[in-house]
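# Coordinate inspection notes
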Amino acid sequence: MNREPVSRELFDEVMVPNYAPGTVIPVKGEGSHVWDQEGKEYIDLAGGIAVTCLGHSHPGLVSALMDQAEKIWHLSNVMTNEPALRLAKTLCGLTFAERVFFANSGGEANEAAFKLARRYSWEHFGPEKNEIIAFKNAFHGRTLFTVSVGGQPKYLEGFEPAPGGIHHADFNDLESVKKLISRDKTCAVVVEPIQGEGGVMPGDGEFLKGLRELCDDNDALLVFDEVQSGVGRTGHLYAYQMYGVTPDILSTAKGLGGGFPVAAMLTTEKVGKSLGVGTHGSTYGGNALACAVAQRVIDTVSQPDILKGVAARSDHLRKGMMEIGERYGIFSEVRGSGLLLGCVLTEEWQGKAKEFLNAGLEEGVMVLIAGPSVIRLAPSLIIPEPDLDEALTRFEAAVKKVCGQ
Ligand SMILES: *Cc1c(COP(=O)(O)O)cnc(C)c1O
C-alpha cells in the first residue's frame, strides 16, 4: 500500500482545480475539535458545511457504521434492505412524508424532487404545465437541472444550454411570484425556507405561507429544499415544522448522514405515486451503510433535549458574535435560525469575509462564509458550551488581526 505523506501541493498536481481548499489538511476530529497534519487543534464552527451535525467521531454514529459494516454494505435497488426501510419509516413518522426516495447528495435529492414535480404535473394536467418558479440567490446543487433552478447565474456560466421552463422570482417577495405563477403553466414552486449559500437569509413566515396558498390556488406543488436547514439545524427537525408550512416535496441531505453521504426526497403518497417503476433511480440510493448511519443521526437529533439544546447554543453563539461585532464595528446584523447563523459584514468590510475565515484558521477556529460578505456558522448541534466560548475567544483574536488591532 502506498502511504507516502501528502501535502496541500499535491492537490494542484492531481485534482481538477474547481476548489481552492485551504492550506491545512485536517486528519482527525473528535466532537467539535479537529487536528491538522501538524497536530494543530481547531474548534469547528463550520461542521463541513452544516453536515457533521453531531460533531466528529460521534460514538453512536461510529458504532452504527461499524455494526452495519459487518453485516451488509450494498445491494442496489434490485433488492431492498432493512436499514433503508427502517429509515424511511422513521422519516415518515417524524414528518409530513408518506413516501421516501433515497439519494446520495443534496443535488440528487433535488434532481429527484424537480423531476417528480414535472412528472406529477405531466400525469395529472398534461405536458404544458411544466414550469418551475424558483428564487434569485437560491442554491439547489450542481447538476445541470439543479444549477438551472438555482438563482445564481455565475454557476451556469459556460454550461448552457440549460434546461428550460424555469423562472426566478425575488425571495421574500410574494408579489414577484404572483406575476410568474399560472394555473396553466406552473408545476412547482421551489424554495429554501432559509437560503443558505445565498447568505443565510431566512424566509419570512408570511411569505412561505403565501407560497403555500399560491401553490394550492394554482395546482402547483410546493418544494422545500431543506438540504441545509434540515436535520435539527433550526432547533426543529425540519424548518417547515418551525414555520408551520407543509410542502408537498422536501429534500434533505447534508446533516442527514452526519458526514456519511446520504440524501432523501420526502413526499406524500399521492405525489410520490408519479415516480412509477422505472421512472427514476440511483445505484447507491438507499445504500445500507448510509441508511444505518442516517438512522442513528435521526434517532439522536430528533430527541427533544437535543433540539432544545440547539436553541440554547444558538442564543449563546449569536450573543457572542453580536458582542464581537459591536466591539469592532464589523457586523450589521447576525441573522439565521438555530445553529445556522450568518454574520453580515458592515459596509466597510464588504467582500472581506474570506479574510476573517483565514484569520480564524490561524487562530484555531473554523468558520464558513456565505458569499463574500457573510460569515456563516454551522457547528455541531451538540457543541459543548465551553467549546463555543473558546471558539468565540479565538474568533475575536482573528477579528483583532484583520482589523489591525
Ligand atoms: C448544499 C446544498 C445543496 C447541494 O447539496 P450537495 O450535497 O452538495 O449536492 C442543495 N441545496 C441546498 C439548500 C444546499 O445547501
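Residues numbered from 1 in each chain as written. Predicted model: local features only at pLDDT ≥ 70, side-chain atom pairs only at ≥ 80, totals over all residues. Heavy atoms only, no water.

The subject of this paragraph is the nonpolar core. Across soluble globular proteins, nonpolar side chains show a tendency to be buried alongside one another. Counting residues in hydrophobic clusters, the biggest one holds 93 residues, and the most contacted among them are Phe 135, Met 321, Ile 330, Ile 375 and Phe 395. Each of domain 1 (8–57 + 304–403) and domain 2 (71–301) contributes no fewer than three residues to this core. Once residues lying within four places of it in the same chain are set aside, the contact partners of Phe 395 are Met 321, Ile 324, Phe 331, Phe 356, Val 365, Val 367 and Ile 375. (Core = buried A, V, L, I, M, F, W, Y, C linked by side-chain atoms within 4.5 Å. Buried < 20%, exposed > 50% of the residue type's maximum accessible area, 1.4 Å probe, protein only. Domains from an automatic or database assignment. Contact = heavy atoms within 4.5 Å.)

A few words on the sheet that holds strand β7 (residues 186–191). Within the open sheet, the 7 strands sit side by side as β4-β12-β11-β10-β7-β5-β6. Their pairing is mixed. Of all strands in the sheet, those with a lone pairing partner are β4 (99–103) and β6 (166–169), marking the two edges. Taken pair by pair, the neighbouring strands of this sheet meet at an average axis angle of 20°, ignoring direction. Pairing of strand β5 (residues 131–135) with β7 involves 3 bridges; the strand directions are parallel. (Pairing = 2+ DSSP bridges. Helix = DSSP H or I, 4+ residues; strand = E, 2+ residues; numbered from the N terminus. Axes fitted to C-alpha atoms, helices over the stretch in contact; angles between N-to-C directions.)

This paragraph deals with the site of the ligand. Lining the immediate environment of the ligand, one finds Ser 105, Gly 106, Gly 107, Asn 110, Phe 139, His 140, Gly 141, Glu 192, Asp 225, Val 227, Gln 228 and Lys 254. Between an oxygen atom of the ligand and a main-chain N or O atom of Gly 106, the distance comes to 2.8 Å. In this structure, a nitrogen atom belonging to the ligand sits 3.2 Å away from a main-chain N or O atom of Phe 139. Contact with the protein chains removes 81% of the 380 Å² of surface that the ligand exposes when unbound. Element by element, the count of residues in the shell around the ligand is highest for helix α5 (residues 106–125), at 3 residues. Classifying every residue of the shell around the ligand gives 2 nonpolar, 7 polar and 3 charged. (Near = heavy atom within 4 Å. Polar contact = N/O pair within 3.5 Å; in protein donor to acceptor, adjacent residues only side chain to side chain. Areas by Shrake-Rupley, 256 points an atom, 1.4 Å probe, with all protein chains shown as cover. Nonpolar A, V, L, I, M, F, W, Y, C, P; charged D, E, K, R; others polar.)

The next subject is the pattern of salt bridges. When charged atoms on two side chains of opposite charge get close, those side chains can pair. All chains considered together, the criterion is met by 16 salt bridges. For Glu 363, the salt bridge identified is with Lys 401, shortest N-O distance 2.9 Å. In this pair, Glu 363 sits in helix α13 (residues 353–363) while Lys 401 sits in helix α14 (residues 385–402), placing the two residues 38 residues apart along the sequence. Look at Glu 363 and you get partly exposed, because its relative accessible area is 25%. Residue Lys 401 is classed as partly exposed on the basis of its relative accessible area, which comes to 44%. A single network of salt bridges, built from pairs that share partners, joins Glu 41, Glu 390 and Arg 394. (Salt bridge = Lys/Arg side-chain N within 4 Å of Asp/Glu carboxyl O.)

The residues that UniProt annotates with the feature "binding site: N(2)-acetyl-L-ornithine" (unreviewed entry) are Arg 142 and Ser 282. Position of Arg 142 among the secondary structure elements: in the loop between β5 and α6 (144–149). Dropping the residues within four chain positions of it, Arg 142 is found in contact with Val 147 and Tyr 155. Among the secondary structure elements, Ser 282 is positioned in the loop between α10 (269–272) and α11 (288–301). On the accessibility criterion, Ser 282 (15% relative accessible area) is buried. Not counting chain neighbours up to four residues away, the residues in contact with Ser 282 comprise Asn 77, Phe 101, Phe 102, Asn 104 and Glu 108. (UniProt positions renumbered as here; feature names shortened; annotations may be inferred.)

A separate point is the packing of aromatic side chains. Scanning the entire structure with this criterion turns up 7 aromatic pairs. Ring geometry for Phe 135 against Phe 207: centres 5.5 Å apart, planes inclined by 75°, an arrangement best described as edge-to-face. Of this pair, Phe 135 sits in strand β5 while Phe 207 sits in helix α8 (residues 205–217), and the two are 72 residues apart along the sequence. A residue is classified by how much of its surface remains accessible, and Phe 207, at 4% relative accessible area, is buried. Ring plane angle 75° and centroid distance 5.7 Å describe the contact between Trp 349 and Phe 356, whose orientation is recorded as edge-to-face. Trp 349 sits in the buried class, given a relative accessible area of 12%. Cluster of aromatic residues (ring-pair linked, three or more members): Phe 135, Phe 171 and Phe 207. Sitting over the face of the ring of Tyr 155, Arg 142 holds its NZ or CZ atom 4.0 Å from the ring centroid. (Phe/Tyr/Trp six-rings, centres within 6.5 Å; stacked < 30°, edge-to-face > 60°. Lys NZ or Arg CZ within 6 Å of the ring centre and 35° of its normal.)

Right, let's talk about the sheet that holds strand β16 (residues 368–369) for a bit. The strand order across the open sheet formed by 4 strands is β13-β14-β17-β16, and the pairing between neighbours is antiparallel. The open sheet terminates on both sides in strands that have one partner only, identified here as β13 (331–337) and β16. In the packing of helix α12 (residues 304–328) onto the sheet, the strands contacted are β13, β14 (340–345) and β17 (374–377), and the crossing angle to β13 comes to about 170°.

Here we come to the packing of α12 against α14. At a closest axis distance of 10 Å, the pairing of α12 and α14 adopts a crossing angle of 20°. The pairing of α12 with α14 is recorded here as roughly parallel in orientation. Viewed along their axes, α12 and α14 form a crossing whose handedness is right-handed. Between α12 and α14, the residues in contact are Arg 313, His 316, Leu 317, Gly 320, Met 321, Ile 324, Arg 327 and Tyr 328 and Glu 385, Leu 388, Asp 389, Leu 392, Phe 395, Glu 396, Val 399 and Lys 400, respectively. When its residues are assigned to classes, the contact of α12 with α14 shows 8 nonpolar, 2 polar and 6 charged. (Parallel < 35°, antiparallel > 145°, perpendicular 65-115°, else oblique. Left-handed = near helix turned anticlockwise from the far one by under 90°.)

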